[in-house]
Amino acid sequence: ILRIDVNGTADTGQNYLIPADNPFVSGGGLPEIFAYGFRNPYRFSFDASDSGDPRLFVADVGQAMMEEVNLVEAGGNYGWPIREGTTCFNPQDWSHPLGSCSTDGLSEPLIAYTHEGDLSAIIGGAVYHGKTIPELVGGYIFGDWGRGNGRLFVAYPPGFVFRSWEITEIQMSIDIGQLLGIGQDENGELYLLTKDPGIGVIGTSGLIQKIVTISN
């Protein structure tokens with residue numbers, strides 16, 4: 001993940017500036033890098049509701065076994081290709097993780113889940129602060145592509161600091177279909193970006209749907 005200042009031009013001729021507090025400005029990596037160790041970060045969001053600096057949530061699509069969400073901090077190493085989620089990645093046999101690996105210096109994922117059933121690729125979302133669905137307030141809303149059968153989840157912070165967030169599936173009153181993205185409006189309400197039903201992976205038409213209620 002790179003962090004640059006697009007509102008200036010460097011003396012070297014680059015059409016951007018590098019923030020002075022980037023973690024590798026003085027060496028150890030390219031100065032543009034903010035955090036690393038991601039395989040395929042797919043959607044990220046900032047949560048600025050709490051006091052202090054905004055929190056950066058990044059969903060990272062796994063190779064074969066697990067999906068994850070990370071709370072990103074400057075200079076953090078989030079594990080790939082040493083780990084996939086909470087498992088030790090085996091580059092010779094993706095479906096059989098290694099029994100152990102060195103995790104020194106690696107940041108733990110906030111959320112991690114396995115490829116059970118049709119779960120296959122995480123779709124990053126956002127922390128919900130809207131008013132339409134009060135039971136979701138404070139939860140991180142995310143989805144899974146589900147091999148074309150999209151599903152939604154909410155994760156809440158645990159009671160203990162060093163535990164993963166607790167995941168619950170959100171039961172929808174409609175079939176989502178192929179979920180591509182999750183967004184929010186200025187009031188914090190949620191929207192889903194999906195493909196039109198039945199058009200397959202190469203179709204070019206889709207829908208934006210606002211979530212106004214969820215099933216019990």
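Look up: the structure comes first, before these words.
No experiment lies behind these values; they were computed from the predicted model shown.

Reading the values: the criteria
- Residues numbered from 1 in each chain as written.
- Predicted model: local features only at pLDDT ≥ 70, side-chain atom pairs only at ≥ 80, totals over all residues.
- Heavy atoms only, no water.
- Pairing = 2+ DSSP bridges.
- Helix = DSSP H or I, 4+ residues; strand = E, 2+ residues; numbered from the N terminus.
- Axes fitted to C-alpha atoms, helices over the stretch in contact; angles between N-to-C directions.
- Salt bridge = Lys/Arg side-chain N within 4 Å of Asp/Glu carboxyl O.
- Buried < 20%, exposed > 50% of the residue type's maximum accessible area, 1.4 Å probe, protein only.
- Disulfide = S-S within 2.5 Å.
- Contact = heavy atoms within 4.5 Å.
- Polar contact = N/O pair within 3.5 Å; in protein donor to acceptor, adjacent residues only side chain to side chain.

Student: How should the sheet that holds strand β2 (residues 55-60) be read in this particular structure?
Tutor: Judged by pairing direction, the sheet is antiparallel, and its four strands sit side by side in the order β1-β2-β3-β6 without closing on themselves. The sheet is open, and its two borders are formed by β1 (41-47) and β6 (111-114), each paired with just one other strand. Each adjacent strand pair in this sheet contributes to an overall mean axis angle of 15°, direction not counted. With five bridges connecting them, β1 and β2 associate as antiparallel partners. Bridging across to β2, Phe-44 finds its partner in Val-58.

Student: Looking at this model, I keep getting lost on the pattern of salt bridges. Mind explaining?
Tutor: Charged atoms that come close allow side chains of opposite charge to pair. One pass over the structure, following the stated rule, counts five salt bridges. A salt bridge links Asp-21 to Arg-3; the nearest nitrogen and oxygen atoms lie 2.9 Å apart. One end of the pair, Asp-21, is in the segment before β1; the other, Arg-3, is in the segment before β1, and 18 residues separate them in sequence. Between Asp-47 and Arg-55 there is a salt bridge whose closest N-O contact spans 2.6 Å. The exposure class assigned to Arg-55 is partly exposed, which follows from its relative accessible area of 26%. Salt bridges linked by common partners bring Asp-118, Arg-151 and Glu-169 together as one network.

Student: Quick question: what am I supposed to make of the state of the cysteines here?
Tutor: Such a bond, covalent and formed between the sulfur atoms of two cysteines, is termed a disulfide. Tallying each qualifying case throughout the model produces one disulfide. In this model, Cys-88 is linked to Cys-101 through a disulfide, with the two sulfur atoms separated by 2.1 Å. On the sign convention where negative means left-handed, the S-S torsion of about -70° between Cys-88 and Cys-101 marks this disulfide as left-handed. You can see Cys-88 sitting in strand β5 (residues 87-88) and its partner Cys-101 sitting in the loop between β5 and β6, a full 13 residues away along the chain.

Student: How do you make sense of the environment of Gly-188 when you look at a structure like this?
Tutor: Mapped onto the elements, Gly-188 comes out in the loop between β11 (179-184) and β12 (190-195). Taking the C-alpha atoms as reference points, Gly-188 and Thr-132, 56 residues apart in sequence, are found 9.2 Å from one another. The contacts of Gly-188, once residues within four sequence positions are left out, are Tyr-128, His-129 and Gly-130.

Student: Would you mind going over the pairing of strand β8 (residues 140-144) with me for this structure?
Tutor: Note on strand geometry: in a regular strand, side chains alternate between the two faces of the sheet. A large share of β8 lies buried, amounting to five of its five residues. Residues Tyr-140, Phe-142 and Asp-144 point to one face of β8 and Ile-141 and Gly-143 to the other, with burial holding for every one of them. Sheet topology note: the strand β7 (residues 122-127)/β8 ladder contains four bridges and is antiparallel. Bridge assignment links Ile-122 to a residue of β8, and that residue is Asp-144. Counting the residues that bridge the hairpin from β8 to strand β9 (residues 151-156) gives six residues, and of these Gly-146 lies at a positive phi of roughly 60°.

Student: What is the right way to look at the side chain of Asn-70 in this model?
Tutor: Here Asn-70 lies in strand β3 (residues 66-72). Side chain to side chain, Asn-70 and Glu-68 meet in a polar contact 3.0 Å long. Excluding residues that lie within four positions of it along the chain, Asn-70 makes contacts with Phe-38, Leu-56, Phe-57, Val-58, Asp-60, Tyr-78, Glu-108, Pro-109 and Leu-110.

Student: What's the story with unusual backbone geometry in this structure? I'm lost.
Tutor: The phi angle of most residues is negative, glycine excepted, and most peptide bonds adopt the trans form. Here the bond from Trp-80 into Pro-81 is cis, since omega is 5°, no more than 30 degrees from zero. Relative to the helices and strands, Pro-81 resides in the loop between β3 and β4 (83-84). A positive phi angle is found at Arg-43, which is not glycine, with a value near 85°. Within the secondary structure layout, Arg-43 lies in strand β1. Under the relative-accessibility criterion, Arg-43 is labelled partly exposed at 36%. The phi dihedral of Arg-147 is positive, around 55°, even though this residue is not glycine. Turning to its location among the elements, Arg-147 is positioned in the loop between β8 and β9. Assessed through its relative accessible area of 54%, Arg-147 is described here as exposed.

Nothing here speaks to function; it is all geometry.
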